[in-house]
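This is what each chain is made of:
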Amino acid sequence: MREHIVAFDQGTTSSRTLLINRQGQVVDVAQRPIEQHFPEPGWVEHDPQEILATQLSTFTDVLVRNGLNPHDIDSIGITNQRETTVVWDRHTGDPVCNAIVWQCRRTTPIIDELCASPEVRERITATTGLVPDAYFSASKVKWILDNVPGARERAEAGDLLFGTIDCWLVWNLTNGAVHATDVTNASRTMLFDIHECRWDPWLLELFGVPESMLPEVRPSSGLFGTTAHPGIAGNIPICGVAGDQQAALFGQCCFNPGEAKNTYGTGCFLLMNTGEKAVRSKNGLVTTIAASAPGTDHVEYALEGSVFMAGALIQWLQEELGIIESASEVEALATSVEDTAGVYVVPAFTGLGAPYWDAEARGAIYGLTRGAGKAHIARACLDALAYQMNDLIDGMVDDSGIPMTRLAVDGGASRNGYLMQFQAGLSRLQIVRPKNTETTAMGAAYLSGLSTGFWKDVAEISAMREIAASFTGNMPDAERETYLKGWRDCIRRTRTS
Ligand code: ADP
């Protein structure tokens, strides 16, 4: 009997391999950091060969430590940093240059030039669900073809392949046999029509990407291929692939419309399942394809919103203000006072994001009185995380007309009980935090294991899930209104337009 599934979690700062048993528990994790290359200010690159090598070596570490061989593994699920772009030679397997990482801003001028007209922007959003930006793969592929000597000619001759990190890994793990990606990763390239589920000819033309470079796009759960790379013997089937945020949505068991997950990390990533409906946002959120269980006969969608300053705000308290020594101290400090004494923090350090979109706004602390101290400011910072998320939640519900029924949380700051309780009260939601917070890797494992029959169906997966903590919104209406009115006032005073 093959009693384990392996999840490859290829993230921005490290490659990890997780060994998962039939009960859905993480048995072991191996991790290797990957080097960040900053060749010029604002540029971020990764070495694709290092990504592959660390993924393979962490896999070996896990097998060796647990006395397993490849034949003991049911299948592999892959989840990955999204949008990061690799272009390589289909004959030699050599990348033509380093991978351009999602954070890299070098292609902003390409976006400014190609997406200047409102008609083009509108067509891109209508087709891809995205707000045109250098984050997504489209302008990164164009940059590579325009700037690496000979690349465009080689691409046009059919010699080069494009892929996001999942696709690069699948191609290498199958020894070049399979050039494929999944719908969730494709939906972040800004080259993919999320309604028709195909590469969009108009976008390929706009960004000058030859069709011969593009991977086949498949559902997230199903056989992609079997391992044939010399570094990973055993013909292990690869049966699940999803981008990190969609994998986390699946790993948090948000299988139905209205179910949402939020990752409270350095930044926050909120995704809500909207089912068969690709909701167009009026509030500046993006529409993306969600991962579906095998046998789902339609594409499922999600709305996605993010906040840049979340855990980062707590880091700021620690590193810049020096009022806490570690993030774990913030809860005790914040709850050492009964309330914020009217203090609000608006963390617009790099502008205000969705639903306000004001790039010129800057952060502010309001409501200081003689009695206000560091505990009040710390508490107001935690509250600010919750207010920002509440704005995104309201935007999602407003856009979709689907009430949010449940919010599943993970990430470093989700350990903060005060924050979770305030969030539940403000957003009138049931918040659940699972015992196993490796939700991204679990999503990849579930997608793979559902495809092979390792797990029977999503009901079995939901039943395995153990909840560590649950928070119910029980804040009195009048109190909630007062808090929200204060926040809205402060937002109004912070906005520049
Ligand atoms: P990432 O994956 O983005 O690096 P993590 O999920 O590891 O982030 O979470 C780390 C972030 O969470 C840090 O920004 C840290 O300040 C914040 N954090 C950690 N513990 C707490 C806590 N108890 N309360 C509030 N914030 C916390």
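Above: the structure in question.
Reference entry: report on the structure contained in this document. (Residues numbered from 1 in each chain as written. Predicted model: local features only at pLDDT ≥ 70, side-chain atom pairs only at ≥ 80, totals over all residues. Heavy atoms only, no water.)

### Let's talk about the overall build of the protein
What counts, and what does not: In this text, helices come from DSSP runs of H or I with a minimum length of four residues, and strands from runs of E with a minimum of two, each type numbered from the N-terminal end. Within these notes, the globule rule equals 2.2 Å times the number of residues to the 0.38 power, and the radius of gyration is based on C-alpha atoms. The classification of residues rests on relative accessible area computed with a 1.4 Å probe and restricted to protein chains. Under 20% of the type maximum is buried, over 50% is exposed, and intermediate values are partly exposed.
Secondary structure assignment for the protein yields 16 helices and 23 strands. In terms of overall size, the protein behaves like a compact globule, its C-alpha atoms giving a radius of gyration of 23 Å where 497 residues would be expected to give roughly 23 Å. Once the C-alpha set of the protein is aligned to its principal axes, its extents read approximately 70 × 55 × 40 Å. When the 497 residues of the protein are sorted by exposure, 60% land in the buried category.

### Observations regarding the environment of E83
The following threshold applies: For the purposes of these results, a polar contact is taken to be a pair of N or O atoms within 3.5 Å, where, inside protein, one atom must be able to donate a hydrogen and its partner to accept one; residues adjacent in sequence count only when each atom of the pair is a side-chain atom.
Position of E83 among the secondary structure elements: in the loop between strand 5 (73-80) and strand 6 (85-89). For E83, the side chain forms a polar contact with the side chain of R188, separated by 2.8 Å.

### Points about the sheet that holds strand 2 (residues 14-21)
This is how the line gets drawn: In this scheme, strands are said to pair when DSSP sees at least two bridges between them. Here an angle of 0 to 180 degrees is reported between the N-to-C directions of two axes, which are lines fitted to C-alpha atoms, with helices fitted over the stretch in contact.
Pairing is mixed in the open sheet, where six strands are placed in the order 3-2-1-5-14-13. Here the strands that pair on one side only, and so sit at the sheet edges, are strand 3 (26-33) and strand 13 (221-226). For this sheet the average axis-to-axis angle between neighbouring strands, irrespective of direction, equals 25 degrees. Taken together, the seven bridges between strand 2 and strand 3 define a ladder with antiparallel strand orientation. Its bridge partner lying in strand 3, I20 is registered against V26.

### Things to note about the site of the ligand
Test applied: Residues are classed as near a molecule or strand on a simple rule: at least one heavy atom within 4 Å of it. Using a 1.4 Å probe, the Shrake-Rupley method yields the accessible areas, and only the shown protein chains count as cover for residues.
For the ligand, the set of nearby residues contains 14 residues, the closest of which are T266, G311, Q315, G412 and N416. One of the backbone N or O atoms of G412 is found 2.8 Å from an oxygen atom in the ligand. Here the ligand has 580 Å² of accessible area as a free molecule, and 68% of this is covered by the chains. Of the residues forming the shell around the ligand, the biggest block, four residues, is contributed by helix 10 (residues 311-321).

### Comments concerning the pairing of strand 21 (residues 406-410)
Side-chain positions along a regular strand alternate between the two faces of the sheet. Most of strand 21 is tucked away, with five of its five residues classed as buried. The side-chain alternation of strand 21 yields two buried faces, one formed by R406, A408 and D410 and the other by L407 and V409. Relative to strand 21, strand 15 (residues 259-264) runs parallel, the two sharing five bridges. In the sheet register, E259 faces strand 21, and the bridge partner there is R406.

### Side note on unusual backbone geometry
The step from A354 to P355 runs through a cis peptide bond, and the omega angle for that step is 0 degrees. Mapped onto the secondary structure, P355 falls in the loop between strand 19 (344-346) and strand 20 (364-366). Positive phi is not limited to glycine here, since E83 has a value of about 75 degrees. Given a relative accessible area of 6%, E83 falls into the buried group. At A341, a position not held by glycine, the phi torsion is positive, near 55 degrees. Here A341 lies in the loop between helix 11 (330-334) and strand 19.

### Things to note about the sheet that holds strand 21
The following threshold applies: Contact definition: two residues touch when any of their heavy atoms are within 4.5 Å.
Reading across the sheet, the seven strands line up as 17-18-16-15-21-22-23 and stay open at both edges, with mixed pairing between neighbours. The open sheet terminates on both sides in strands that have one partner only, identified here as strand 17 (286-290) and strand 23 (467-472). On average, each strand axis in the sheet is tilted by 25 degrees relative to the strand beside it, whichever way the strands run. The pairing of strand 17 with strand 18 (residues 300-307) spans five bridges and is antiparallel. Counted as the bridge partner of V286 is E304 from strand 18. Against the sheet, helix 12 (residues 374-400) contacts strand 15, strand 16 (268-275), strand 18 and strand 21, and its axis sits at roughly 150 degrees relative to strand 18. Taken strand by strand, helix 13 (residues 417-427) contacts strand 15, strand 21, strand 22 (430-434) and strand 23, and its axis lies near 45 degrees from that of strand 23.

So, to be careful, I would describe these as geometric facts and stop short of saying anything about function.
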